[in-house]
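Here are the chains, one letter per residue:
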Amino acid sequence: MRVYFDYNATTPLSPESADAVARATRETFGNASSVHHFGQQAKASLDIARSAVGELIHADPSEIIFTSGGTESDNFAIRGVAEASEALGRKHLIASAIEHEAVLNTFRALARRGWKTTLLAVDHTGVVSPDRLREAITDDTAVVSVMHANNEIGTIQPIAELSSIAHAHGALMHTDAVQSAGKIPVDVAALGVDLLSLSAHKFNGPKGAGVLWSKRGIRIQPILTGGKHERNRRAGTENVPAIAGLGVAAQLARGKMTSEGERVAALRDRLERGIVANVPGTAVNGGGSPRVPNTTNISFDRVEAESVLIALDLEGVAVSTGSACSSGTLEPSHVLKAMGLPVHRTQNSLRFSLGMFSTEQEVDFVVGVLPRIVEKLRGLTRKTAQL
Amino acid sequence: MRIVVAMSGGVDSSVAAALLADQGHDVIGLSMQLYDQSEGQTSFGSCCTLDDLYDARRVAAAINIPHYILNFEKQFDEQVVSNFVREYASGRTPLPCAHCNSDLKFATLVERARGFGADAVATGHYARVARDPTTGRHTLKRGVDSSKDQSYFLFSLTQNQLARAVFPVGDRAKDAVRDYARAKQLPVADKPDSQEICFIPNDDYASFVSKHAPEVSRDGVIVDEEGRVLGGHGGVHRFTIGQRKGLGLQGSPTGAPLYVIALNPVDSQVVVGPKASLERTTLTASGVNWVIREPASPVHAAAQIRHRHQAAAATIRSLGDGKAEVVFATPQIAVTPGQAVVFYEGDSVLGGGWID
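Residues numbered from 1 in each chain as written. Chains lettered and ligands numbered in written order. Predicted model: local features only at pLDDT ≥ 70, side-chain atom pairs only at ≥ 80, totals over all residues.

**So, the overall build of chain B**
Consideration 1: Across its full length, chain B carries seven helices and 17 strands.
Consideration 2: In summary, chain B has a C-alpha radius of gyration of 22 Å against a globular reference of 21 Å for 356 residues, a match within 12%.
Consideration 3: Of all 356 residues assigned to chain B, the portion counted as buried reaches 46%.
Consideration 4: Across chain B, every contact between residues at least 6 apart in sequence was considered, and the portion connecting residues at least 24 apart equals 64%. (Helix = DSSP H or I, 4+ residues; strand = E, 2+ residues; numbered from the N terminus. Rg over C-alpha atoms; globule rule 2.2 N^0.38 Å. Buried ≥ 20, exposed ≤ 12 C-beta atoms within 10 Å, placed from the backbone. Contact = placed C-beta atoms within 7 Å.)

**Details of the overall build of chain A**
Consideration 1: A tally of regular secondary structure across chain A gives 14 helices and twelve strands.
Consideration 2: Relative to the 2.2 N^0.38 estimate, which gives 21 Å for 387 residues, the radius of gyration of chain A is 21 Å and therefore close to what a compact globule would have.
Consideration 3: For the C-alpha atoms alone, the extent of chain A along its principal axes is close to 70 × 50 × 35 Å.
Consideration 4: For chain A, the residues scored as buried account for 53% of the 387 residues in total.

**A look at the sheet that holds strand β11 (residues 269-273) of chain B**
Strand pairs in the sheet, formed through backbone hydrogen bonds, run parallel or antiparallel to each other.
Residue and element names in this part refer to chain B.
Consideration 1: The mixed open sheet is built from four strands, whose spatial order is β9-β8-β11-β10. Only two strands of the sheet have a single partner each, and these edge strands are β9 (229-233) and β10 (259-264). Each strand axis lies, on average, 25° off the axis of its neighbour in the sheet, ignoring direction. (Pairing = 2+ DSSP bridges. Axes fitted to C-alpha atoms, helices over the stretch in contact; angles between N-to-C directions.)

**Overview of the pairing of strand β5 (residues 127-131) of chain B**
Residue and element names in this part refer to chain B.
Consideration 1: Bridge analysis of β5 against strand β6 (residues 138-142) gives five bridges, and the strand direction is antiparallel. The residue of β6 that forms the bridge with Val-129 is Leu-140.
Consideration 2: Following β5, the chain reverses through six residues before pairing antiparallel with β6; Gly-136 in that reversal takes a positive phi of roughly 80°.

**Considerations on the domain arrangement of chain A**
Residues and elements named next belong to chain A.
Consideration 1: Domain boundaries in chain A define domain 1 (3-10 + 256-386) and domain 2 (15-255).
Consideration 2: Taking only C-alpha atoms, the centre of domain 1 and the centre of domain 2 are 28 Å apart.
Consideration 3: With 25 residues of domain 1 in contact, the opposing surface of domain 2 contributes 30 residues.
Consideration 4: Looking at the side of domain 1 that touches domain 2, the elements that each hand over two or more residues are α10 (257-278), β10 (295-300) and α12 (334-338).
Consideration 5: Along the lines of polarity and charge, the residues of the side of domain 1 that touches domain 2 split into nine nonpolar, 13 polar and three charged. (Domains from an automatic or database assignment. Nonpolar A, V, L, I, M, F, W, Y, C, P; charged D, E, K, R; others polar.)

**Some points on the environment of Pro-12 of chain A**
Residue and element names in this part refer to chain A.
Consideration 1: Inspection of the secondary structure puts Pro-12 in the loop between β1 (3-4) and α1 (15-27).
Consideration 2: Note on Pro-12: 14 C-beta atoms within 10 Å, which makes it partly exposed.
Consideration 3: Considering only alpha carbons, one finds Pro-12 and Asn-204, 192 residues apart in sequence, at a separation of 5.5 Å.
Consideration 4: In contact with Pro-12, other than residues within four places in its own chain, are Asn-204 and Phe-357.

**Some details on the packing of helix α3 (residues 70-86) of chain A against helix α4 (residues 101-112) of chain A**
Residues and elements named next belong to chain A.
Consideration 1: At a minimum axis separation of 9 Å, α3 and α4 run at an interaxial angle of 35°. Taken as a pair, α3 and α4 cross one another with a handedness that is right-handed. Only Ala-102, Val-103, Thr-106 and Leu-110 of α4 make contact with α3, whose side of the interface consists of Gly-70, Thr-71, Asp-74, Asn-75, Ile-78, Arg-79 and Ala-82.
Consideration 2: Here the residues of the contact of α3 with α4 sort into five nonpolar, four polar and two charged. (Left-handed = near helix turned anticlockwise from the far one by under 90°.)

**Observations regarding the packing of helix α2 (residues 37-57) of chain A against helix α9 (residues 240-255) of chain A**
For any two helices packed against each other, one specifies the inter-axial angle together with the distance between the axes.
Residue and element names in this part refer to chain A.
Consideration 1: At a minimum axis separation of 8 Å, α2 and α9 run at an interaxial angle of 30°. Our classification of the angle between α2 and α9 gives roughly parallel. At the point where α2 passes α9, the crossing takes the left-handed sense. Note on element contacts: α9 touches α2 through Val-240, Ile-243, Ala-244, Leu-246, Gly-247, Ala-250, Gln-251, Ala-253 and Arg-254, opposite Ala-42, Ser-45, Leu-46, Ile-48, Ala-49, Ala-52, Val-53, Glu-55 and Leu-56.
Consideration 2: Here the residues of the contact of α2 with α9 are counted per class, giving 13 nonpolar, three polar and two charged. (Parallel < 35°, antiparallel > 145°, perpendicular 65-115°, else oblique.)

**Quick word on the environment of Gln-347 of chain A**
Residues and elements named next belong to chain A.
Consideration 1: With respect to the helices, strands and loops of the structure, Gln-347 is situated in the loop between α13 (343-346) and β12 (349-353).
Consideration 2: Taking the number of C-beta atoms within 10 Å as the measure of exposure, Gln-347 has 21 and is therefore buried.
Consideration 3: With 168 residues separating them in the primary sequence, Gln-347 and Gln-179 have C-alpha atoms 22 Å apart.

**Examining the confidence of the model for chain B**
Residue and element names in this part refer to chain B.
Consideration 1: Per-residue confidence for chain B gives a mean pLDDT of 90, with 95% of residues at or over 70.
Consideration 2: Across residues 39-49, confidence stays below pLDDT 50; counting only partners more than four residues off in sequence or on other chains, it has twelve contacts.
Consideration 3: Taken over the whole predicted complex, pTM reads 0.88, whereas the ipTM for its chain interfaces reads 0.84. (pLDDT = per-residue confidence, 0-100.)

Below you can see the structure in the form of structure tokens.
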């Protein structure tokens, strides 16, 4: 049995989305900027996808810019606003300490070029308190970037409240909704944001397609310059097949969000309960906060998460340590660290993320194999320690 | 049988993995990330992109086995690097590969392997392990290719460790290993052999030691055996016993070539002398591992005092307490504290220890 519980890394394509990609690859080869029939067909594909994404996030399709994915969208939002704000003397950027590397490393790059950056701490439940933003924000702040849902622990951040604080100081609000779009309702107006990133492959669409939603009229500069694609906001020939797949994925996700959310949450809860009940020395990270329905992050005492991950894979179960790199670094998770958790919890945690094709049988299989694996690894560690 | 192969990305461990997979074993490739490899490329990430790890991954994909990278930076630093630096700082010439074998590959890695359901760990070493069916004990033997033999670096493996060790290329010649790699179209078939010490960039061990133990970079003098000062130096860790080149001396008073014959870290002195002064007929060793059994009476065997040394006839006597005395039949050049002395009877390793 092969179990894939790493949906936060990427998801399998839905058959509908795969069909859309394949069809567009074969049939819609035109350049969407071309005047002729072939170009018009391609453009029509993009517009269908644009409308579908607009409906998913309750946004006007004209405000949707297609990108290559979450990382580009985050870069676009932050660098684009930073550049446009420079002339106003706003040279301060704020993000949470638990952002994805796409945001954190963009901040580091801008900090090297003289931007002042502040990372907001989170509390032990993995949530940014609006008070932290109130303390950090100034009238020089250009943009506040806080993710909608965290990729490692799934916690949902109070974006609406943070947005109003940002706006009170004339700053723009960006949210990286890569881990929430398609999983929970995302409404740009309700969130009060100015910019929002999402990525198709996190909700059963293809890789290589993402969106930056950018509210009309806000101050932002393009970061990719060239032709007049995407209404002059993002140059480069659009990846029509992937975007067509994105549109279908958005439509599907919206259609069954409630039912699928409930189904996946039940599976996640069953998995979480099963692990905590059957494996001693475990603790759920971020479990007390509102979370996306598919994610749980669990720390295992007295065992290397790296070893558990490999042993699980050898049993056919794919999960993640939450860190970006398979070779790992001994760096503890920056998310768990920001929550103030002790080292044994920050270094030895596993992320289980479920989705469209997850089943109860898979959950029970994982709950069945995990206690034995952890017990075995712990036994070996004990023995070595005694030598 | 499920076997973990320690894959370095080189041709030997790649062929080891391929051979075992061919024999129908359930092979898992593991690569150890041992040190921060980002040096010199700090602006880009340090992990997952390095050439050797990349090669190991490509080989694993080519022979269709799972492959994982384990982070052993902490263990490697504690068990290998710190010892390496300490040894140089005390005027000795360490042998980190032997420590890595017995303290990491056949210790920590074996433990991890067991956690993954594998009872054996294979490496690309040129050495052989044989089990004596009557005693049940394991013998460590030289690799068939004597020019590549690496049993010297494995002398400190215990019986328990040997019982879990597999050396698939040990009974092959290097050329045959390369031929096999080519026949299997392994992407590393023509990759050059690795040289020297893996964690030392550009083989510049002196800079490495200076960086990790700045206190050893103490200037000192080079003296002859009578204590006459012949020159200066930038730290005793830059020298090894028997070294002739790079002494920075204008020439010896007598015109005969001068060799490093002793290192005195306390006074930061490097003692040089003629080649004859390098000759020794006896040595003692500590931390001795008797692979077969500790001999009750002196044994006549061949003793090898460095990797590229022709093992020489000697009488070896256990002094107990992990110590041994070695008396050579003829004087040997450059007996170097910190290196290993390994005792052989024919192809078999009787044991070995660290030269005092």
